[in-house]
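Read off the chains here:
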Amino acid sequence: MKHIKQTATTVALTALALLVSACSSGTTSDTTQNAADGNPIVNKENWPEEIPASGLVKDLTLPLEAYMASYEEQVTVEQATNDLQQSCMKDYGIDLTLPQAGANPPPSDNDVNIERRYGITDRAEAEKYGYELPPALQEHTEQTMRDLSGVEVEVLTGHTKPELPEAPEGVETGSAFTGPGQTKPARAEYNGKKLKTGGCIGWSKDQLGVQEANPTIVAQLAGDSLVQSMKDDKVIKAIAEWSSCMDGKGHAGLADPYKAMDQGVTNDGQPSQESIALAVDDIDCKKQTDLVKIWSDVETVIQNKQIADNKSQLTGIREQHGKEIAAAREKLADSAQ
């Protein structure tokens, strides 16, 4: 994220449009070094806290978080899957090093995005960065992976290397207008060994019991609860009091904390004194009006009702997460011996 506008947009998309954050690539080891610059490929100090330890959301969680995998758990499953894929490829005589999981952590531990769910909440960070994310979370660690040959793609994925369809006249090959690449089933065997169903990727998921179930239901419920909470009279009143407080500090016309985030945009990626002042006043007004507690209390009631209404499905999701994470941790422990 290069400037605050992207940060604010991310919050809006995650919370209101119900998009699911993706687990980024990296490793569970915090000692591996990037050979190019000597920096760690993975720095766990940059990983988001499972429960916030500072700011207005200190120690705050919402009920649906109990049904979401933490970032550490996502990384564990991804790394175990990668290790299995590399081992599988080696069985076919192919040396392949995949990116290590955990190198580029997101700003929040899960899809609730509690740190910025109700706008920014950490005054100490606001004093330094305004509405920006800390610099460490704006950096991106590149992990190069060699190009795979056609047969290597088949062994890994269980299908041929995608071939782009011929572009219509006047349309550049590879553009959105040509559509996705076409694939065919992989060959039956390589180096005298039968290929796995779904390739080494499919096999690795089978080994950990990873299911391709749609995990977005929890994020969707969390998005719905936020939208519902904004219609609650107590939240409407608290936001209005926050807006009045901001007006008294010289920030007129801010209907809600998300508008403040949008106004705090800096085009050059560096927080200005004005944006820092706005951010600090934003948080001070949240504290003065008790906005975060009022809002989260309302949302907690809504989410508890959602959990009761969807208990069976949510319990199944949590149990499946538990099985996958346990299998992944066992695999990584075995590999470390």
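Because the structure is a prediction, the values reported are computed rather than measured.

1. A closer look at helix 8 (residues 233–248)
Okay, step 1: Its 16 residues place the ends of helix 8 23 Å apart at the C-alpha level, agreeing with the 22 Å of an ideal helix rising 1.5 Å per residue.
Okay, step 2: Those residues of helix 8 that fall on the buried side of the exposure criterion are V235, A238, I239, W242, S243, C245 and M246. Down the axis of helix 8, the sector holding all buried residues measures 160°, keeping them to one side. Projecting away from the buried face of helix 8 at angles above 90 degrees are the exposed residues D233, K237 and G248.
Okay, step 3: Buried residues in helix 8 make contact with helix 7 (216–229), helix 9 (257–263), helix 10 (273–289) and helix 11 (291–309).
Okay, step 4: For helix 8, the N-terminal cap is D232; the gap from its side-chain oxygen to the backbone nitrogen of K234 is 2.8 Å.
Okay, step 5: Downstream of helix 8 by a residue or two, G250 has a phi angle that is positive, lying close to 95°.

2. Some details on the packing of aromatic side chains
Okay, step 1: Under the definition given, this model contains three aromatic pairs.
Okay, step 2: Note on Y258 and W295: the rings are 6.2 Å apart at their centroids and 65° apart in plane angle, and the pair reads as edge-to-face. A residue pair is termed long-range when its members are at least 10 positions apart, and Y258 in helix 9 and W295 in helix 11 qualify at 37 residues.
Okay, step 3: Using a relative accessible area of 11% as the deciding quantity, one classes Y258 as buried.
Okay, step 4: Using a relative accessible area of 0% as the deciding quantity, one classes W295 as buried.
Okay, step 5: Among the aromatic residues, those joined into a cluster by ring pairs are Y118, Y258 and W295.
Okay, step 6: Sitting above the plane of the Y92 ring, K193 keeps its charged end 5.1 Å from the centroid.

3. Quick look at the pattern of salt bridges
Two side chains bearing opposite charge may form a pair once their charged atoms approach each other closely.
Okay, step 1: The tally for this structure, following the rule as stated, stands at twelve salt bridges.
Okay, step 2: Where R187 meets E154, a salt bridge forms, and the shortest distance between an N and an O atom there is 3.0 Å. Note that R187 is positioned in the loop between helix 5 (150–157) and strand 1 (189–190) and E154 in helix 5, a separation of 33 residues in sequence.
Okay, step 3: On the basis of relative accessible area, R187 is assigned to the partly exposed category, the value being 41%.
Okay, step 4: E154 sits in the buried class, given a relative accessible area of 8%.

4. What to know about the nonpolar core
Okay, step 1: Counting 41 residues, the largest nonpolar core has V218 and W295 as its most contacted members.
Okay, step 2: Of all the elements in the fold, those that place two or more residues in this core are helix 7, helix 8, helix 9, helix 10, helix 11 and helix 12 (311–336).
Okay, step 3: The contact partners of W295, leaving out residues within four places of it in the chain, are Y118, L226, S229, M230, V235, I239, P257 and Y258.
Okay, step 4: Membership of the second largest hydrophobic core comes to twelve residues, among which are M89, V153, L156 and C200.

5. A look at the environment of G248
Okay, step 1: Note that G248 resides in helix 8.
Okay, step 2: In this structure the C-alpha to C-alpha distance between G248 and C285, which are 37 residues apart in sequence, comes to 9.8 Å.

6. Considering the packing of helix 2 (residues 71–91) against helix 6 (residues 199–208)
Okay, step 1: Running from amino to carboxyl end, helix 2 crosses helix 6 at an angle of 125°, the nearest separation of the two axes being 8 Å. The angle between helix 2 and helix 6 places the two elements in the oblique class. The way helix 2 lies across helix 6 gives a crossing that is right-handed. Side by side, helix 2 and helix 6 meet where V77, A80, T81, L84, Q85, C88 and M89 of the first sit next to C200, I201, W203, S204, Q207 and L208 of the second.
Okay, step 2: Residues of the contact of helix 2 with helix 6, tallied by class, amount to nine nonpolar, four polar and no charged.

7. Here's the deal with the side chain of Q79
Okay, step 1: For Q79, the position within the fold is in helix 2.
Okay, step 2: Classification of Q79 by relative accessible area gives buried; the value is 8%.
Okay, step 3: One polar contact links the side chain of Q79 to the main-chain amide nitrogen of A101, over a distance of 2.8 Å.

8. As for helix 10
Okay, step 1: Here helix 10 is 17 residues long and its end C-alpha atoms lie 24 Å apart, about the 24 Å a rise of 1.5 Å per residue gives.
Okay, step 2: Looking at helix 10, one finds that the buried residues are S275, I276, L278, A279, V280, D281, D282, I283, C285, K286 and T289.
Okay, step 3: On its buried face, helix 10 is in contact with helix 3 (123–129), helix 8, helix 9 and helix 11.

9. As for the environment of P107
Okay, step 1: Looking at the element boundaries, P107 is found in the loop between helix 2 and helix 3.
Okay, step 2: With relative accessibility at 32%, the residue P107 sits in the partly exposed group.
Okay, step 3: Along the sequence, P107 and P134 sit 27 residues apart, while their C-alpha atoms lie 9.1 Å from each other.
Okay, step 4: Residues in contact with P107, not counting those within four places in the same chain, are P48, E115, L133 and L137.

10. Here's the deal with the state of the cysteines
Okay, step 1: Scanning the entire structure with this criterion turns up two disulfides.
Okay, step 2: For C88, the disulfide goes to C200, at an S-S distance of 2.0 Å. Because the torsion about its S-S bond is -70°, the bridge between C88 and C200 counts as left-handed. Of the two residues, C88 is situated in helix 2 and C200 in helix 6; the sequence distance between them amounts to 112 residues.
Okay, step 3: Disulfide pairing places C245 opposite C285 at an S-S distance of 2.0 Å. For the disulfide bridge between C245 and C285, the dihedral angle about the S-S bond is near -80°, and by the sign convention the bridge is left-handed. Of this pair, C245 sits in helix 8 while C285 sits in helix 10, and the two are 40 residues apart along the sequence.
Okay, step 4: We classify C245 as buried; its relative accessible area is 11%.
Okay, step 5: Taking the relative accessible area as the measure of exposure, C285 reaches 0% and is therefore buried.

Reading the values: rules and limits
Residues numbered from 1 in each chain as written. Predicted model: local features only at pLDDT ≥ 70, side-chain atom pairs only at ≥ 80, totals over all residues. Heavy atoms only, no water. Helix = DSSP H or I, 4+ residues; strand = E, 2+ residues; numbered from the N terminus. Expected span 1.5 Å × (residues − 1). Buried < 20%, exposed > 50% of the residue type's maximum accessible area, 1.4 Å probe, protein only. Arc of directions from axis to C-beta. Contact = heavy atoms within 4.5 Å. Polar contact = N/O pair within 3.5 Å; in protein donor to acceptor, adjacent residues only side chain to side chain. Phe/Tyr/Trp six-rings, centres within 6.5 Å; stacked < 30°, edge-to-face > 60°. Lys NZ or Arg CZ within 6 Å of the ring centre and 35° of its normal. Salt bridge = Lys/Arg side-chain N within 4 Å of Asp/Glu carboxyl O. Core = buried A, V, L, I, M, F, W, Y, C linked by side-chain atoms within 4.5 Å. Axes fitted to C-alpha atoms, helices over the stretch in contact; angles between N-to-C directions. Parallel < 35°, antiparallel > 145°, perpendicular 65-115°, else oblique. Left-handed = near helix turned anticlockwise from the far one by under 90°. Nonpolar A, V, L, I, M, F, W, Y, C, P; charged D, E, K, R; others polar. Disulfide = S-S within 2.5 Å.

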